[in-house]
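Next come the chains, spelled out residue by residue.
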Amino acid sequence: MTAHYSESWRDALRALGRSPGSGWRSNLVHHGSRGLLLLALTLTVPMLFPGAPLPDFARLEQGQVATEDVIAEISFDVPKSPERLQLERAEAERGVAPIFTFDREAAGRVTERVNALFARLDSALAVADEDTVAIRQVLSDIENATVPTQEQGTYLQVGARRRALQDALVRVYDRLLPVGVVSSRDLSDVRSAQVIVREEGGDRLVRRDSLLDVGRFYARASELAPASLSVDGLQLFQTLIVHYLEESLRLDPEATGRTRQQARTAVQGSAGFVLEGERIVTAHERVGREEIEKLRAYSAALASPGQAGAGSFFRSLGGVLYAIVAVGILWSVLYYHRREEVYENARNFSIVVILVFVVLLLASVVARADTSPALIPVALAALLLAALYDGLLAVVTVMVIAALLAGQTALPGLSAAFLTMAAGASAAAAVRIMRRRADSWKLIAVITLAYVVAALALGLLFTWSPRELLLTAAFGALNATVCTVLVVGGLLPALESFTGITTRQTLLELSDLNRPVLSQLAKKAPGTYAHSISVANLAEAACSAIGANALLTRVGTYYHDIGKTKQPQYFVENQPAGRNPHDRLRPSRSAEVIKEHVREGLRLAEEAHLPSAIKDFIREHHGTLTISYFLNKAREQEPDLDIDLWDFSYPGPKPQSRETAVVMLADCVESATRTLPDPTPERIRSLIEQLVGARIRDGQLDQSPLTLDDLHQIKSEFAKTLTSFYHQRVEYPDSVQKPAAPSGAVVTGDHEVRSEPSPSATGLGGVEAAGGGKTAEASVEASGGDETRARAD
């Protein structure tokens, strides 16, 4: 009994990822798991957006007209917005004058070095008896001074000239260095009009333009040079004044940084204080920026723990119920309208819930950063859901997300919801216009346009400033770009692999007839290629009529016979007239060659990384049909041999989907119709009935979800399409000269046709390969519908 009980629950757990059936345990596990997942999502919302929901005044936005007064029930501080606080702190920091340290000893050190230089000169000249060479040697040895010219050396030989030059240098240094000389680099960093000079006696405030940088010092020094100096003396003066200069003012970055930090800290974070009973917003007046800041502060004050009470509890309870209703809408859509493809599939259901959670999580980050709601990445979920499932489900999910965001006081209710709906809906619709991943720019353009239009509408409604409008549009463009790149670049292929879903974008890329696999098919097996195109047209029309996936059917049909590129000469549509390589093979070997194209097709599909949905067409389009021609031929050649039917049957499986079943039928109908000598509408309809009936009697459609009504529509669409293709030609009037017909053909209307069907193109089963001479109708009767391909297999 215990073993039976455990087995029952194990069976119930298997219902997590499939239809639960009728068992109560399976239904409990199946629906309960999904209910818990949605409940977790619902309870996550108040955690992502903490704080109890507030009255309607919290939904007011700048530019709206208030319908009633908003009176403060409590006293509260009005904090400055982060942008305003940052701006004021930056202004306070810029207002601090930089601090320079005054070096009082600089003038003394410089004059001491100058006097030492001239003392050396005096000593050298006294020893060398006023030798010019000795003067040059002294100047070059002292502190790497520039070597004077011959004329300048001669100038220094005279003691009076040396004294005049020495006095001029000392006088300039003693006069200008105490004023303050600062390096050009330090002065270039100063933006204020005044600076603080710090010296032993205290700080003093001086004008920036009163300070001398090095360039201005040189100019003033040249002005103070004695007029009695000759050209050589003036050159020596300028050389030495540059060489011995020391800045007497130096920027103190540490002291300046400390002072500026004190100024930043001194800026108050509060913009004001609202008393209990004070009016915050006046009825019938436009809400401005100041009122918005007060309302935000009031909301935060009411939501603070110290203000919790009965009103706060009921508002919190209302917020939870609000989220339950919104998530419940999503559940009802999934359960009643997307049950098989999404709700009953655990992976698909989880993806929808996770995408909603991710968008809400990132929206909470945007709300905490107090930035534009245009940065909420709703396009991420919309693009993925529209590509994986359909646009309608994506739009519904977007609306649910917008409703959840509209109920959060941390976000501007109408603006956030409206931008979310506009961008999400446009993203869901834009997926249809992307045929290749290289068309991503179209998605970005459409989503960006939606943000721009939505921002313009909100800006006109709430009288946004041009800066706010442009920022919203710019953030929307950035959001659209990032979401599109993430989806196309990695998330969509990953989710395709995870869910096993082949998206419309992938199918459109695979439908390119220039892809290497199809190009090889057209080159090596042109008859098979032409047959595949014809079958694709026929199958696509039938799938459109029954509501199946027409695009998947067309693309799958393109690839269903790619295995024939290995040995194309063994299939009649690629054989030249009169040559049949099967005549040299045993029947069992011929049957093996015919079956091989399925295995070869799967191998090529694996190499080309084709999705499993396309591989299904390769393996299922023949089902488990018997290759009757070669089976009968083997029995005729060796009647006493015990033949294994498996050697003359396709490996299968039988068609598992409506699309592969339609391709099986279209495959045989298209081939057999080509063999009709007189394809009148009546004969075409009769042939279709026989071929479809043969497949049904053989059980090839038993595992497909096709209904009798589907089959009726398929046969009707086949007949309509083939009748239009093989319509009656218009005869040329006798008065018009008919063109000469090629050998073996007659001219009928405006197309040439064969005078009789090619024997190798008629018949069923292995006739296509063997070149049998039956007509299509006779072959159906002879083969009993075991194998109705007349062209390829």
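The text that follows walks through the structure, step by step, so that each part is easy to find. (Residues numbered from 1 in each chain as written. Predicted model: local features only at pLDDT ≥ 70, side-chain atom pairs only at ≥ 80, totals over all residues. Heavy atoms only, no water.)

A closer look at the pattern of salt bridges
Right, so step 1: In total, this model carries 30 salt bridges according to the counting rule given.
Right, so step 2: Note that Glu 199 and Arg 104 form a salt bridge whose closest N and O atoms lie 3.2 Å from each other. Residue Glu 199 is found in strand β5 (residues 194-199), and its partner Arg 104 is found in the loop between β3 (99-102) and α4 (106-128); the two are separated by 95 residues along the sequence.
Right, so step 3: Given a relative accessible area of 52%, Arg 104 falls into the exposed group.
Right, so step 4: The residue Arg 163 makes a salt bridge to Asp 122 at a minimum N-O spacing of 3.0 Å. With Arg 163 in helix α7 (residues 159-176) and Asp 122 in helix α4, this pair connects stretches of sequence that are 41 residues apart.
Right, so step 5: Judged by its relative accessible area of 27%, Asp 122 is partly exposed.
Right, so step 6: Residues participating in the shared-partner salt-bridge network are Asp 103, Arg 109, Arg 113, Glu 246 and Arg 250. (Salt bridge = Lys/Arg side-chain N within 4 Å of Asp/Glu carboxyl O. Helix = DSSP H or I, 4+ residues; strand = E, 2+ residues; numbered from the N terminus. Buried < 20%, exposed > 50% of the residue type's maximum accessible area, 1.4 Å probe, protein only.)

Some points on the pairing of strand β6 (residues 202-207)
Right, so step 1: In terms of strand pairing, β5 meets β6 through six bridges, oriented antiparallel. Within the sheet, the bridge partner assigned to Arg 198 lies in β6 and is Asp 203.
Right, so step 2: Hairpin connection from β5 to β6: two residues lie between these consecutive antiparallel strands. (Pairing = 2+ DSSP bridges.)

Here's the deal with the packing of helix α28 (residues 658-673) against helix α29 (residues 681-697)
Right, so step 1: Running from N to C, α28 and α29 cross one another at 140 degrees; their axes reach a closest spacing of 10 Å. With respect to their mutual orientation, α28 and α29 come out oblique. As for how α28 packs across α29, the hand of that crossing is right-handed. Facing α28, whose interface residues are Met 664, Leu 665, Cys 668, Val 669, Ala 672 and Thr 673, α29 presents Ile 684, Leu 687, Ile 688, Leu 691, Val 692 and Arg 695.
Right, so step 2: Among the residues forming the contact of α28 with α29, the class breakdown is 10 nonpolar, one polar and one charged. (Axes fitted to C-alpha atoms, helices over the stretch in contact; angles between N-to-C directions. Parallel < 35°, antiparallel > 145°, perpendicular 65-115°, else oblique. Left-handed = near helix turned anticlockwise from the far one by under 90°. Contact = heavy atoms within 4.5 Å. Nonpolar A, V, L, I, M, F, W, Y, C, P; charged D, E, K, R; others polar.)

Details of the environment of Thr 259
Right, so step 1: Within the fold, Thr 259 resides in helix α11 (residues 253-266).
Right, so step 2: Ignoring any residue separated from it by four or fewer positions in sequence, one finds Thr 259 in contact with Val 96 and Ile 99.

Here's the deal with empty space enclosed by the protein
Right, so step 1: A full pass over the atoms with the stated rule returns two cavities of 30 Å³ or more.
Right, so step 2: The volume enclosed by the largest cavity comes to roughly 40 Å³.
Right, so step 3: Lining the largest cavity are Leu 383, Ala 387, Val 431, Met 434, Leu 443, Val 487, Val 488, Leu 492 and Gln 505.
Right, so step 4: Among the elements of the structure, α16 (378-388) and α20 (466-499) are those that each provide at least two residues to the lining of the largest cavity.
Right, so step 5: Top element by residues in the lining of the largest cavity is α20. It accounts for three residues.
Right, so step 6: In terms of residue class, the lining of the largest cavity is made up of eight nonpolar, one polar and no charged.
Right, so step 7: Of the pockets and cavities examined, the second largest cavity occupies roughly 30 Å³.
Right, so step 8: Along the walls of the second largest cavity sit Gly 563, Lys 564, Lys 566, Gln 567, Phe 571, Val 593, Glu 596 and His 597, which together make up its complete lining.
Right, so step 9: Here the lining of the second largest cavity is built from residues that sort into two nonpolar, three polar and three charged. (1 Å grid on protein atoms, 1.4 Å probe; cavity = no way out; pocket = protein on both sides within 12 Å on 5 of 7 lines; lining within 4 Å. Points joined across faces, edges and corners; volume = space filled by probe spheres on them.)

What about the side chain of Asn 348?
Right, so step 1: Locating Asn 348 in the fold gives a position in helix α15 (residues 346-369).
Right, so step 2: Within polar-contact distance, the side chain of Asn 348 engages the backbone oxygen of Glu 341 at 2.6 Å.
Right, so step 3: For Asn 348, the contacting residues outside a window of four places in its chain are Glu 341, Val 342, Tyr 389, Thr 499 and Ile 501. (Polar contact = N/O pair within 3.5 Å; in protein donor to acceptor, adjacent residues only side chain to side chain.)

Geometric values such as these leave the question of function open.
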